[in-house]
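Here are the chains, one letter per residue:
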Amino acid sequence: MTVLAWIVFGLVVLALWDVLQRDHAVLRNFPLVGHLRYLFEAVGPELRQYIVTDNDEERPFSRDQRRWVYTSSKQVNSYFGFGSDNAMEEVDNYLIIKHSAFPLDAPHPGDPGYDGQHRIPCAKVLGAWRGRAKAFRPASVVNVSGMSYGSLSSAAVEAISRGCAVAGAMQNTGEGGVSPHHLHGGDVVWQIGTGYFGCRNPDGSFCEERLIETVQRHEHIRALEIKLSQGAKPGLGGVLPAAKISPEIAAARGIPMGRDCISPPRHSAFGGVDEMLDFVERLAERTGLPVGIKSAVGEESFWEEAARLMETTERGVDFIAVDGGEGGTGAGPLVFTDHVSLPFKQGFARVYRTLAERGLHEPIVFIGAGRLGFPAEALFAMALGCDLVSVAREAMLSIGCIQAQRCHTGHCPTGVTTHNRWLVRGLDPNSKAVRLANYVINLRHEMLKLSHACGVEHPALVGSRHFEILDGRLGSRSLDEAFGYGPGLALPSAADIEAIRAIMLAESAPGTPPGVASGHG
């Protein structure tokens, strides 16, 4: 054989291997040429050093952030060598975690009590303060935020569901309803949006009986989330084009084929805060499930009225999920993504302070979302008062997203946000489920290590005293100064602190089966 023949033979073999392997969606969808992506990634540091950008310039997620997610999800070395390349003293609002002189030790692999899943249960029992029949303690402080089937491919939704089952995390359905792809073993939070998908009448109005029927049919639905708005396009409805609606998507959403699927900008089942609380209590009574709300933060009068009514009328939500304006799994007009609603830190702090003024911060479970899928960011969110953090785009990265930013075009190259059959086949749900689980587990592991470095057993016990915010001019502020908090404001109640310390101690005790102390209940 000639040299050319050998080259052609080698390329054919490589192309066949690319198409048949299941680990890399890019190679499976783009045999041979997909290797160029990994080549450029390998020489990327050198190219950026001399030609393009540095490790922290790319947006919405920097090269360092994406690399951390990729290495964590693949269970390879996620360490960075030669120290930090961040100009800490020159960057405004740079977060510093203040470690303890006497950090806590933790079991290592092979030691008695070592938990390879690094479980961190919630410090609060979800639904307890309103006495819900199916109140439970979430087994993981890290969960997957709302991403609908329709916005994501069937393979992506299934991979996340299977990964959440392995990691003991919860998956939020997004407003597109509960589909078969959400039901692969993980706990589910059913998000109810303005289109009432999966629980609607033919005219688009809310159908309570259909919701009850679905909840009774699927035991993995553990909570209901009423979505008021989201960070990507707050105050704006949505459209799923008719061309993207398959019979399976239509069945999950309860919509007809051949027509655009419209999400209105507001709910029709209630018209104000008072009616919203009635709606929450009715759903909780009929289903027994904890019921909460999700919203980006705009006008403060909504939160002030909600806090006043919850304090004075014996009604209330079980959890509040605050989505930062920097959140972005949903495509939207540029002006909405860039300028409408407050970023997470400012928005969450305002909501938390408003509830705290009426003593409601301790019983309600607070959830944060908006680029929080990294250890320092997640820990800072908990120091602000979050009990749980939700990740979306970071979860997409863990199952293969390469930040191509083509989510809204239907041509996602890795099969995450498209329904193109060739592209979707590149995403193997089973292998990507392992990646998602690895990412969640490693994020929890890093959060635990940071908590122990601060001298506390659980991330919820990391307080404002553990953070300092540099101002880029050799000065700094405390978290309390920056956000108007008082000492200890964001910590759980004394009873919850005692309970979670006992749970974490039992988890690390020799001879305790992993997960026993932090299970639901």
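Note on numbering: residues in each chain are counted from 1, in written sequence order. Local features in a predicted model are, by the rule used here, given only for residues with pLDDT of at least 70; side-chain atom pairs are given and counted only at 80 or more, and totals for whole chains, interfaces and linings are based on all residues. Working from all heavy atoms in the structure, the side-chain values ignore hydrogens and water.

Caption draft 1: Region of the structure containing the overall build of the protein chain. Where helices and strands are cited, they refer to DSSP runs of H or I of at least four residues and of E of at least two residues respectively, numbered from the N terminus. Each helix and strand in the protein chain was counted, giving 18 helices and 13 strands. The globule rule puts the C-alpha radius of gyration for 521 residues at 24 Å, and the 23 Å found for the protein chain is close to it. Seen through its principal axes, the protein chain has C-alpha atoms that stretch 85 × 60 × 50 Å. Type-normalised accessible area, obtained with a 1.4 Å probe on protein chains alone, sets the label of each residue: buried when under 20%, exposed when over 50%, and partly exposed for intermediate values. Taken over 521 residues, the protein chain has a buried fraction of 52%. Should any heavy atoms of two residues lie within 4.5 Å, those residues are counted as being in contact. Taking contacts inside the protein chain between residues at least 6 apart in sequence as the whole, the part at least 24 apart equals 70%. Charged-residue counts in this description rest on Lys and Arg as positive and Asp and Glu as negative, His and the chain ends being excluded. Taken as the charge location is NZ of Lys, CZ of Arg, CG of Asp or CD of Glu. For the protein chain, the distance from the average position of its 49 positive side-chain charges to the average position of its 57 negative side-chain charges is 6 Å. With C-alpha atoms as the basis for the radius of gyration, the globule rule is written as 2.2 Å multiplied by the number of residues raised to the power 0.38.

Caption draft 2: Just the packing of helix 9 (residues 273–287) against helix 10 (residues 301–312), in detail. Lines are fitted to the C-alpha atoms to define the axes, a helix being fitted only along its stretch in contact, and any angle between axes, read from their N-to-C directions, falls within 0 to 180 degrees. One can describe the packing of helix 9 onto helix 10 by two numbers: an axis separation of 10 Å at closest approach and a directional angle of 55 degrees. By the angle class used here, helix 9 and helix 10 are oblique. Handedness of the helix 9/helix 10 crossing: right-handed. Between helix 9 and helix 10, the residues in contact are Val273, Asp274, Met276 and Leu277 and Phe302, Glu305, Ala306, Leu309 and Met310, respectively. To sort the angles, those under 35 degrees are grouped as roughly parallel, those over 145 as roughly antiparallel, those from 65 to 115 as roughly perpendicular, and the leftovers as oblique. Helix crossings get a hand from a simple test, with the near helix turned counterclockwise from the far one by less than a right angle marking a left-handed crossing and a clockwise turn marking a right-handed one.

Caption draft 3: Spotlight on the environment of Phe80. Mapped onto the secondary structure, Phe80 falls in the loop between helix 5 (63–73) and strand 1 (92–97). By relative accessible area, which is 38% here, Phe80 ends up partly exposed.

Caption draft 4: Local environment of the pattern of salt bridges. Whenever Lys or Arg places a side-chain nitrogen within 4 Å of a carboxyl oxygen from Asp or Glu, that contact is recorded as a salt bridge. Summed over the entire model, instances satisfying the criterion amount to 22 salt bridges. Here Asp187 ties to Arg222 by a salt bridge, and the two come within 3.2 Å at their closest N and O atoms. Of the two residues, Asp187 is situated in strand 4 (residues 187–192) and Arg222 in strand 5 (residues 221–227); the sequence distance between them amounts to 35 residues. Among the residues examined, Arg222 registers a relative accessible area of 16% and is labelled buried. Connected via shared salt-bridge partners are Arg130, Arg132, Glu281 and Asp318.

Caption draft 5: The packing of helix 5 against helix 16 (residues 429–453), seen in detail. Between helix 5 and helix 16, the least distance of the axes is 7 Å, while the angle of their chain directions is 110 degrees. Looking at the two axes, helix 5 sits roughly perpendicular to helix 16. Crossing of helix 5 against helix 16: the hand is right-handed. Where helix 5 abuts helix 16, its residues Trp68, Val69, Ser72 and Ser73 lie against Val434, Arg435, Asn438, Tyr439, Asn442, Leu443 and Glu446. For the contact of helix 5 with helix 16, the per-class residue count stands at 5 nonpolar, 4 polar and 2 charged. Amino acid classes used here: Ala, Val, Leu, Ile, Met, Phe, Trp, Tyr, Cys and Pro are nonpolar; Asp, Glu, Lys and Arg are charged; the rest, including Gly, are polar.

Caption draft 6: Layout of the nonpolar core. For the purposes of this section, nonpolar cores are sets of buried Ala, Val, Leu, Ile, Met, Phe, Trp, Tyr and Cys residues that join through side-chain atoms within 4.5 Å. Within the largest apolar cluster, 125 residues are counted, with the highest numbers of intra-cluster contacts made by Leu211, Leu224, Leu283, Ile320, Phe348, Leu355 and Tyr485. At 8 residues, the largest contribution of residues to this core is made by helix 16. Look past the residues within four positions of Ile320 in its chain and what remains in contact with it is Ile293, Trp303, Val351, Leu355, Ile364, Val365, Phe366 and Ile367.

Caption draft 7: Quick peek at the sheet that holds strand 1. The pairing criterion is simple: DSSP has to find at least two bridges between the two strands. As summarised here, the arrangement of the 3 strands in space is 1-12-13, forming an open sheet in which the pairing is antiparallel. Across the chains shown, the open sheet's two edge strands, defined by having one partner strand only, are strand 1 and strand 13 (476–478). Ignoring strand direction, the axes of neighbouring strands in this sheet form an average angle of 30 degrees. In the sheet, strand 12 (residues 467–471) pairs with strand 13 via 3 bridges, with the strands oriented antiparallel. Along strand 13, the bridge assignment pairs Glu468 with Ser478.

Caption draft 8: Summary view of the packing of aromatic side chains. Stacked, tilted and edge-to-face are the three classes applied to pairs of Phe, Tyr and Trp rings, where Trp contributes its six-membered ring and a pair requires centres within 6.5 Å; stacked means planes under 30 degrees apart, edge-to-face means over 60, and tilted covers the rest. The final tally for this structure, using the stated rule, is 14 aromatic pairs. Their ring planes at 80 degrees and their centres at 5.8 Å tell us that Phe348 and Phe366 sit as a pair that is edge-to-face. You can see Phe348 sitting in helix 12 (residues 344–356) and its partner Phe366 sitting in strand 10 (residues 365–369), a full 18 residues away along the chain. With a relative accessible area of 0%, Phe348 lands in the buried category. Under the relative-accessibility criterion, Phe366 is labelled buried at 0%. Plain terms: the ring middles of Phe380 and Phe467 are 5.0 Å apart, the flat faces sit at 80 degrees to each other, and that makes the pair edge-to-face. Of the two residues, Phe380 is situated in helix 13 (residues 375–384) and Phe467 in strand 12; the sequence distance between them amounts to 87 residues. The burial state of Phe380 is the same as that of Phe467; both residues are buried. Ring-pair connections join several aromatic residues into one group, and the members of that group are Phe344, Phe348, Tyr352, Phe366 and Tyr485. Whether a charge lies above a ring is judged from NZ of Lys or CZ of Arg, which has to be within 6 Å of the ring centre and within 35 degrees of the ring normal. Positioned above the aromatic ring of Phe136, the side-chain terminus of Arg222 is 4.2 Å from the ring centre.

Caption draft 9: Structural detail: the pairing of strand 12. Burial of strand 12 is extensive: 4 of the 5 residues sit out of reach of the surface. By the bridge criterion, 5 bridges tie strand 1 to strand 12 in an arrangement that is antiparallel. When the bridges of strand 12 are listed, Leu95 appears paired with Ile469. Hairpin connection between strand 12 and strand 13: a loop of 4 residues separates the two successive antiparallel strands, and Gly472 in this loop has a positive phi of roughly 80 degrees.

Caption draft 10: Region of interest: the side chain of Gln171. Topologically, Gln171 is positioned in strand 3 (residues 170–172). Exposure remark for Gln171: the relative accessible area of 3% places this residue in the buried category. Within the structure, Gln171 has its side chain in polar contact with the backbone oxygen of Val157 (distance 3.5 Å). Excluding residues within four positions of it along the chain, Gln171 makes contact with Val144, Val157, Ile160, Ser161, Cys164, His182, Asp187, Val188 and Val189. Polar contacts here mean pairs of N or O atoms no more than 3.5 Å apart (in protein, one a potential hydrogen donor and the other a potential acceptor; neighbouring residues in sequence count only if both atoms are side-chain atoms).

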